[in-house]
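As a plain string of letters, each chain reads:
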Amino acid sequence: MRFNSEGAGMILPGTFRVVAGPCTVESYEQFYAGALAVKEAGFGYVRGGAFKPRTSPYSFQGLGEEGLKIISEVAGKLGLVAVTEVMDPQDIELVMEHARVLQIGARNMQNFSLLKRVGAALRGTEHWVILKRGFAATVEEWLLAAEYITSSGGENVVLCERGIRTFETSTRFTLDLSGVVVAKRLSDLPVIVDPSHAAGRRDLVVPLSRAAVAAGADGLMVESHHRPQEALCDGDQALPAEELGSLAETLRPIAAALGRKVI
Amino acid sequence: MPQGIPAEERVRALRARVDEVDRELVRALNERARLVQEILSAKAEAGLPVYDPRREEEILRRVAEANAGPLYDSSVREIFELILHRIRDLEIQQSAEEERRDAL
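Here the structure is a predicted model, which is why all the values come from computation and not from measurement.

Caption draft 1: Here's a closer look at the overall build of chain A. Each helix and strand counted, chain A has nine helices and 10 strands in total. Against the compact-globule benchmark of 18 Å for 263 residues, chain A has a radius of gyration of 16 Å, which places it among compact chains. Considered along the principal axes of its C-alpha atoms, chain A spans approximately 40 × 40 × 40 Å. Counting over 263 residues, chain A shows a buried share of 51%. Sequence separation of 24 or more characterises 69% of the internal contacts of chain A that already satisfy a separation of 6 or more.

Encoded structure:
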């Protein structure tokens, strides 16, 4: 197991790690309010995007370096671990200065030069990387993408299932829980689930989160916003921040039945 | 096979040989599966993951190199990819069943 033996790692045996926070860092106040709700719900990892891979070049692209500074300042102040996406190999060092956990998005899952560069940058550090599954990628392709990181020296890799494209239109993507189980059986990497992007609608986030715990996932990555109706991106799928506490409550008994503690 | 023999009879005889080769293939595949099972239980003991793409690639390269035709090297690779994955699936299913039995 690649679990960090010092207990400082992102994924620890017998636990279920929840990462929550807004899709995007919009301002200091917005991110602080979002991160505070994450802390109050009892979670230790906060997410927020500074570089946003948007389908349209005219959509909000994120605050960039300014956003990263907000993330690290707020996370530091609240004693949370920061999780944020890196899109460009030239930003890896900068992102690592501001966040312990990097994220490689679904659209970059097979950006092999990025994967190799992140792997090399992670070597021998306390940093982790969350590798999201591409929405048209097989489990095999996903594991091979992870292999690019590990074979370049980055041991602390967490896989994240975030839904795949199917013919179903009632959800944005289809959460592939079978893929989570298969990935866990095949590899020794931890696997977490992102129910927010998979569903694209907030009413499914809690039931899918419960299913993820029950299926044996090692954690969750959930989008939350203190004012979803005002969110600059993905407001439809963001859980209102005040519901994070009840999310934790609802997951606890399921996790306990499987010998895990929600953290 | 001598050309004097009627074509229908030649087909029958060749089919019998194909059937014999198939039986041999099935036997060999199951022997391979048993060996893989042993490897995987040793791997489990050592705490190593089932998935090892480096080793898979090595196997695929080796079988393609060993191929003298008439099959294309790429076809041999494809066939072996399927063999590798099916045997691996079998093992995963068995270990999951053991896990389930242990949990009960």
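Moving on from the model shown.
Caption draft 2: Representation of the overall build of chain B within the structure. On a plain count of helices and strands, chain B comes out with three helices and zero strands. Listing the helices and strands of chain B from first to last along the sequence gives α-α-α. Overall size of chain B, expressed as C-alpha extent along the three principal axes, is 65 × 35 × 15 Å. By residue count, 2% of the 104 residues in chain B fall in the buried class.

Caption draft 3: Seen up close, the interface of chain B and chain A. Listed per partner, the contact involves seven residues of chain B and eight residues of chain A. Class assignment for the residues of the side of chain B that touches chain A results in six nonpolar, one polar and no charged.

Caption draft 4: Spatial organisation of the environment of Ala28(B). Turning to its location among the elements, Ala28(B) is positioned in helix H1 (residues 7-46). Spatially, the C-alpha atom of Ala28(B) lies 28 Å from that of Glu99(B), the residues being 71 residues apart in sequence.

Caption draft 5: View of the packing of helix H1 (residues 28-40) of chain A against helix H2 (residues 65-78) of chain A. Residue and element names in this part refer to chain A. Look at H1 against H2: their axes get within 10 Å of each other, and the N-to-C directions meet at 35°. Between H1 and H2 the crossing geometry is right-handed. Across the interface between the two elements, Tyr28, Phe31, Tyr32, Ala35, Leu36 and Lys39 from H1 touch Ile70, Ile71, Val74, Ala75 and Leu78 from H2. The class makeup of the residues in the contact of H1 with H2 is 10 nonpolar, no polar and one charged.

Caption draft 6: Highlighting the packing of helix H5 (residues 139-150) of chain A against helix H6 (residues 177-186) of chain A. Residues and elements named next belong to chain A. Across the interface, H5 lies against H6 with an axial gap of 10 Å and an inter-helix angle of 50°. With respect to their mutual orientation, H5 and H6 come out oblique. Note on packing geometry: the crossing formed by H5 with H6 is right-handed. Here Val139, Trp142 and Leu143 of H5 lie close against H6, whose contacting residues are Gly179, Val182, Ala183 and Leu186.

Caption draft 7: Molecular detail of the environment of Pro22(A). Residues and elements named next belong to chain A. Examined against the element boundaries, Pro22 turns out to sit in the loop between strand E1 (15-21) and H1. As a C-alpha pair, Pro22 and Cys233 span 211 residues in sequence and 8.9 Å in three-dimensional space. The residues touching Pro22, leaving out its near neighbours within four places in the chain, are Gln30, Phe31, Gly34, Gly48, Glu223, Ser224, His225, Ala231 and Ala238.

Caption draft 8: Structural context of H5(A). Residue and element names in this part refer to chain A. Helix length check: H5, at 12 residues, gives a terminal C-alpha distance of 16 Å against a target of 16 Å (1.5 Å per residue), a fit within 8%. Among the residues of H5, those classed as buried are Val139, Trp142, Leu143, Ala145, Ala146, Tyr148 and Ile149. In the core, the buried residues of H5 are packed alongside helix H4 (112-122), strand E5 (128-132), strand E6 (157-161) and H6.

Caption draft 9: Main features of the pairing of E5(A). Residue and element names in this part refer to chain A. Burial analysis of E5 places five of its five residues in the buried class, the great majority of the element. Judged by which residues are buried, E5 turns out to be covered on both faces: Trp128, Ile130 and Lys132 on one side and Val129 and Leu131 on the other are all buried. Where strand E4 (residues 101-104) meets E5, four bridges bridge the pair, whose relative direction is parallel. By the bridge assignment for E5, Ile104 is matched with Leu131. Assessed by its sense of winding, the connection that carries the chain from E4 through H4 to E5 is right-handed. Note: E5 against E6, four bridges, orientation parallel.

Caption draft 10: Structural detail: the environment of Thr150(A). All names here are of chain A. Among the secondary structure elements, Thr150 is positioned in helix H5. For Thr150, a count of 18 C-beta atoms within 10 Å puts it in the partly exposed group. Residues Thr150 and Val262, spaced 112 residues apart in sequence, show a C-alpha to C-alpha distance of 27 Å. Aside from chain neighbours lying at most four places away, what touches Thr150 is Gly119, Glu155 and Val157.

Caption draft 11: A look at the pairing of strand E3 (residues 81-85) of chain A. Residues and elements named next belong to chain A. Within E3, four of the five residues are buried, leaving the element largely enclosed by the surrounding structure. Relative to E3, strand E2 (residues 45-47) runs parallel, the two being bridged by three bridges. Its bridge partner lying in E3, Tyr45 is registered against Val81. Sheet topology note: the E3/E4 ladder contains three bridges and is parallel. Looking across to E4, one finds that Glu85 is bridged to Gln103.

Caption draft 12: How the structure looks around the confidence of the model for chain B. Considering every residue of chain B, the mean pLDDT works out to 90; 96% of them sit at 70 or more. Here the complex is predicted with pTM 0.87, and the ipTM for its interfaces comes to 0.71.

Caption draft 13: Representation of unusual backbone geometry. Between Gly69(B) and the following residue, Pro70(B), the backbone shows a cis peptide bond with an omega angle of 10°. Within the secondary structure, Pro70(B) is located in the loop between helix H2 (53-66) and helix H3 (73-103).

About the thresholds
- Residues numbered from 1 in each chain as written.
- Chains lettered and ligands numbered in written order.
- Predicted model: local features only at pLDDT ≥ 70, side-chain atom pairs only at ≥ 80, totals over all residues.
- Helix = DSSP H or I, 4+ residues; strand = E, 2+ residues; numbered from the N terminus.
- Rg over C-alpha atoms; globule rule 2.2 N^0.38 Å.
- Buried ≥ 20, exposed ≤ 12 C-beta atoms within 10 Å, placed from the backbone.
- Contact = placed C-beta atoms within 7 Å.
- Nonpolar A, V, L, I, M, F, W, Y, C, P; charged D, E, K, R; others polar.
- Axes fitted to C-alpha atoms, helices over the stretch in contact; angles between N-to-C directions.
- Left-handed = near helix turned anticlockwise from the far one by under 90°.
- Parallel < 35°, antiparallel > 145°, perpendicular 65-115°, else oblique.
- Expected span 1.5 Å × (residues − 1).
- Pairing = 2+ DSSP bridges.
- Right-handed = clockwise from strand over helix to strand, strands pointing away.
- pLDDT = per-residue confidence, 0-100.

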